[in-house]
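Residue-level listing of the chains:
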Amino acid sequence: MNQPELIEQLQRGDEAAFKRLVEEWQDMVYNTVVSLVQDEDTADDLTQEVFIQVFQSISSFKGDSKISTWLYRIAVSKALDHERKQKRKKRFAFVQRLFGDEANGEHHPADFRHPGILLEKKESAEGLFSALRKIPDTQRAAFTLHKLEGLSYQEIAAVLNTTLPAVESLMARAKTNLRKALTELYNNR
């Protein structure tokens, strides 16, 4: 089925078309989200939220971009919004601890295991994901979309709603910052 036909069916509220959309794109959305938030349960929840938002806002989709680009954009936005909220919660928990409220202490998530990583590459993948958590969100999003999802710089520019030179700059800074974070990580072992 071609994209304009699918969009038309979705905008008419065709549940079968929505089911086809979810079946075709849920793995891509989940993989993108889990790579950014590094928590499988959170990624499940956010993947559902992405498709809820798609269902609720399909009437405003004009078809200026591919459906995949639109889905990536929503997925990255949901994941990064979640990460920002988590950082705010951690800062607030720190302030609460300063004033003696230990009940709301900082939460340390369990070690993250990406479902697509082979067992023999687990240790190096854990190092990479640990380093990814230390770089700025937009750099992490660009790096994840390019290296883990295989998107071209042009596609990343469309997803992040920015220019090709900006993506090139994000990738260069991400590589530099990841190199520093990985060096620091492995020097401290």
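Residues numbered from 1 in each chain as written. Predicted model: local features only at pLDDT ≥ 70, side-chain atom pairs only at ≥ 80, totals over all residues. Heavy atoms only, no water.

Novice: Please give an account of the packing of aromatic side chains that cites residues and values.
Specialist: Per the stated rule, a full pass over the model turns up 2 aromatic pairs. Judged by centre distance (5.2 Å) and plane angle (70°), the ring pair of F18 and F55 falls under edge-to-face. Remark: F55 occurs in helix α3 (residues 40-57) and F18 occurs in helix α2 (residues 15-37); sequence separation between them is 37 residues. Seen in terms of ring centroids, F61 and W70 are 4.5 Å apart; in terms of plane orientation they differ by 35°. Their pairing is tilted. Given the relative accessible area of 12%, W70 is considered buried. (Phe/Tyr/Trp six-rings, centres within 6.5 Å; stacked < 30°, edge-to-face > 60°. Helix = DSSP H or I, 4+ residues; strand = E, 2+ residues; numbered from the N terminus. Buried < 20%, exposed > 50% of the residue type's maximum accessible area, 1.4 Å probe, protein only.)

Novice: Describe the side chain of H82, naming the residues involved and giving the relevant values.
Specialist: Mapped onto the secondary structure, H82 falls in helix α4 (residues 67-98). According to the relative accessible area criterion, H82 is buried, its value standing at 19%. Setting aside residues up to four positions removed in sequence, H82 forms contacts with V37, T42 and L46. (Contact = heavy atoms within 4.5 Å.)

Novice: A description of helix α8 (residues 164-187) should follow, citing residues and the corresponding values.
Specialist: In a regular helix each residue adds 1.5 Å, so 24 residues correspond to 34 Å; α8 covers 34 Å between its end C-alpha atoms and thus fits that length. Between the side-chain oxygen at the start of α8 and the backbone nitrogen of A166 there is a gap of 3.2 Å, and the oxygen is on T163. (Expected span 1.5 Å × (residues − 1). Polar contact = N/O pair within 3.5 Å; in protein donor to acceptor, adjacent residues only side chain to side chain.)

Novice: Report on unusual backbone geometry, specifying residues and quantitative values.
Specialist: Residues other than glycine seldom take positive phi values, yet Q38 does so here, at roughly 55°. With respect to the secondary-structure elements, Q38 resides in the loop between α2 and α3. In this structure, N161 takes a positive phi of about 55° despite not being glycine. Examined against the element boundaries, N161 turns out to sit in the loop between α7 (153-160) and α8. In this structure N161 comes out as exposed when scored by relative accessible area, which is 65%.

Novice: Summarise the environment of L21; cite the residues concerned and give the values.
Specialist: Here L21 shows up in helix α2. Classification of L21 by relative accessible area gives buried; the value is 2%. With 14 residues separating them along the chain, L21 and I7 place their C-alpha atoms 9.8 Å apart. Dropping the residues within four chain positions of it, L21 is found in contact with L6, L10, F51, V54, I67 and L71.

Novice: Tell me about the nonpolar core, and name the residues and values.
Specialist: One recurring pattern in soluble globular proteins: nonpolar side chains tend to sit buried together. Judged by nonpolar contacts, the single largest core of 49 residues is most densely connected at L21, V29, V33, V54, I67 and L71. With 12 residues, α2 is the single largest residue contributor to this core. (Core = buried A, V, L, I, M, F, W, Y, C linked by side-chain atoms within 4.5 Å.)

Novice: Tell me about the pattern of salt bridges, residues and numbers included.
Specialist: All told, the structure shown has 6 salt bridges when counted by the stated rule. Note that D81 and R84 form a salt bridge whose closest N and O atoms lie 3.0 Å from each other. Taken together, the positions of D81 and R84, both in helix α4 and 3 residues apart, correspond to about one turn of that helix. For D81, a relative accessible area of 35% puts it in the partly exposed group. With a closest N to O distance of 3.6 Å, E83 and R140 form a salt bridge. Taken together, the residues span a long stretch of sequence, with E83 in helix α4 and R140 in helix α6 (residues 137-148) at a distance of 57 residues. The pair formed by E83 and R140 is uniform in burial state, with each residue classed as buried. Each of D81, E83, R84, D137 and R140 takes part in one network of salt bridges that share partners. (Salt bridge = Lys/Arg side-chain N within 4 Å of Asp/Glu carboxyl O.)

Novice: Help me get a handle on the side chain of Q38, residues and values and all.
Specialist: On the basis of relative accessibility, which here comes to 6%, the residue Q38 falls in the buried class. Side-chain polar atoms of Q38 contact the backbone oxygen of F129, separated by 3.1 Å.

Novice: Explain α7 to me, using residue names and the numbers behind them.
Specialist: Residues of α7 that are buried include every one of I156, A157 and V159, and no others. Buried positions in α7, seen along its axis, are confined to an arc of 165° and lie on one side of it. Looking one or two residues beyond α7, the residue adopting positive phi is N161, at roughly 55°. (Arc of directions from axis to C-beta.)

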